[in-house]
Amino acid sequence: MMSVDKPVYVWPAEVRYSRTSARLAQASCAPRPGRQQNILEGGPLVDPSLETFFNQMQESIISQNTQILQNMATLQNNIGKKMAQSEKKLTQKKLCLVVKANAYGHGVKWAVNCATKAGVAWFAVASVDEGIQVKEHAKEARVLLLSEPAISQIEKIRINNLDLTVYNESFINALIDNGSTFNVHLKIDTGMHRLGCSPENFNDFFRRIEDSNLNLVGVCTHFPLADTDEIETKRSIKLFENT
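Keep in mind that this is a model prediction, so the values were computed, not measured.

**What to know about the environment of Arg-208**
If you trace the backbone, Arg-208 turns up in helix H10 (residues 199-210). With 36 residues separating them along the chain, Arg-208 and Ile-172 place their C-alpha atoms 8.6 Å apart. With residues up to four places along the chain from it excluded, the contact list for Arg-208 reads Asn-173 and Ile-176.

**Looking at the packing of aromatic side chains**
One pass over the full model with this rule turns up one aromatic pair. Ring centres 5.7 Å apart and planes at 35° place the aromatic pair Phe-202 and Phe-206 in the tilted group. In this pair, Phe-202 and Phe-206 both sit in helix H10, four residues apart, roughly one turn of the helix. Residue classification places Phe-202 among the buried residues on the basis of a relative accessible area of 7%.

**Quick look at the sheet that holds strand E5 (residues 183-188)**
Strand order in the open sheet formed by six strands is E1-E2-E3-E4-E5-E6, with parallel pairing between adjacent strands. What marks the edges here is a single partner per strand, and that holds for strand E1 (96-98) and strand E6 (215-221). Neighbour-to-neighbour, the strand axes of this sheet turn through a mean angle of 25°, independent of strand direction. Two elements, strand E3 (residues 142-145) and strand E4 (residues 163-166), share two bridges in a ladder whose sense is parallel.

**A short note on the nonpolar core**
Ranked by size, the top nonpolar core spans 42 residues in total, and within it Val-99, Phe-123, Leu-164, Val-166, Leu-175 and Val-184 carry the most contacts. Of all the elements, helix H6 (residues 108-117) adds the most residues to this core, at six residues. Val-166 has contacts with Glu-148, Phe-171, Ile-172, Leu-175, Val-184, His-185, Leu-186, Lys-187 and Ile-209, leaving out every residue within four places of it along the chain.

**Some points on the packing of H6 against helix H7 (residues 128-137)**
Relative orientation of the contacting elements H6 and H7 amounts to 50°, with a least axis distance of 9 Å. As the angle between them shows, H6 and H7 are arranged oblique. Between H6 and H7 lies a crossing of right-handed hand. In contact with Val-108, Lys-109, Val-112 and Asn-113 of H6, H7 contributes Gln-133, Val-134 and His-137. Partitioning the contact of H6 with H7 into residue classes produces three nonpolar, three polar and one charged.

Reading the values: the criteria
- Residues numbered from 1 in each chain as written.
- Predicted model: local features only at pLDDT ≥ 70, side-chain atom pairs only at ≥ 80, totals over all residues.
- Heavy atoms only, no water.
- Helix = DSSP H or I, 4+ residues; strand = E, 2+ residues; numbered from the N terminus.
- Contact = heavy atoms within 4.5 Å.
- Phe/Tyr/Trp six-rings, centres within 6.5 Å; stacked < 30°, edge-to-face > 60°.
- Buried < 20%, exposed > 50% of the residue type's maximum accessible area, 1.4 Å probe, protein only.
- Pairing = 2+ DSSP bridges.
- Axes fitted to C-alpha atoms, helices over the stretch in contact; angles between N-to-C directions.
- Core = buried A, V, L, I, M, F, W, Y, C linked by side-chain atoms within 4.5 Å.
- Parallel < 35°, antiparallel > 145°, perpendicular 65-115°, else oblique.
- Left-handed = near helix turned anticlockwise from the far one by under 90°.
- Nonpolar A, V, L, I, M, F, W, Y, C, P; charged D, E, K, R; others polar.

Functional significance is not addressed by these values, which are geometric in nature.
What follows is the structure in structure tokens.
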């Protein structure tokens with residue numbers, strides 16, 4: 001292994017565009033009679049020039065030989081500063097590192113290993129498969145799914161002991177019906193309007209979870225404009241606290 005003050009991994013950043021990508025992009029354009037059915041059935045492209053465009057784009061990107069430089073010492077230093085801030089405030093808060101989408105392209109194995117050595121014990125991901133991948137590199141870590149997966153994946157979640165973000169009645173009921181104990185985090189929508197239960201439904205969901213086999217670990221939200229709009233962020237914070 002290279003010393004911690006040097007990049008640990010350097011690799012070409014590749015972007016792959018397939019025939020499927022071309023079809024999906026074409027499907028998003030203005031519809032023409034018969035086009036949607038043709039694409040879904042996997043037939044020939046209506047406009048082959050689009051596929052040519054994707055092929056040329058792929059060749060152009062890869063030929064640039066883009067590199068990502070990663071520094072273990074820098075990452076661990078940033079993590080250490082965040083942990084020190086919590087300790088200074090005399091809180092028991094733990095840092096949860098989001099490593100979805102292959103750690104945002106930096107390599108989930110590298111990111112998880114570096115963070116674990118720096119003391120991180122929580123990771124967050126977007127899918128069940130990502131959560132299992134994190135567990136392979138950090139067996140003792142807790143892993144949180146940031147969104148609800150398909151109900152068909154509940155058994156896989158149980159086997160791998162993944163924490164869940166919940167906000168839909170149907171998914172919460174499916175977890176309860178399973179009969180196993182799941183660690184859940186109830187999410188409130190305070191303005192993002194992407195995921196989360198409405199503030200009006202929070203009390204009902206909260207009571208249903210508390211009276212069930214589920215273990216309510218915490219309550220969370222996602223501030224939509226935390227780094228750009230102070231007024232809107234204060235409104236979201238107030239809504240969260242009042243809920």
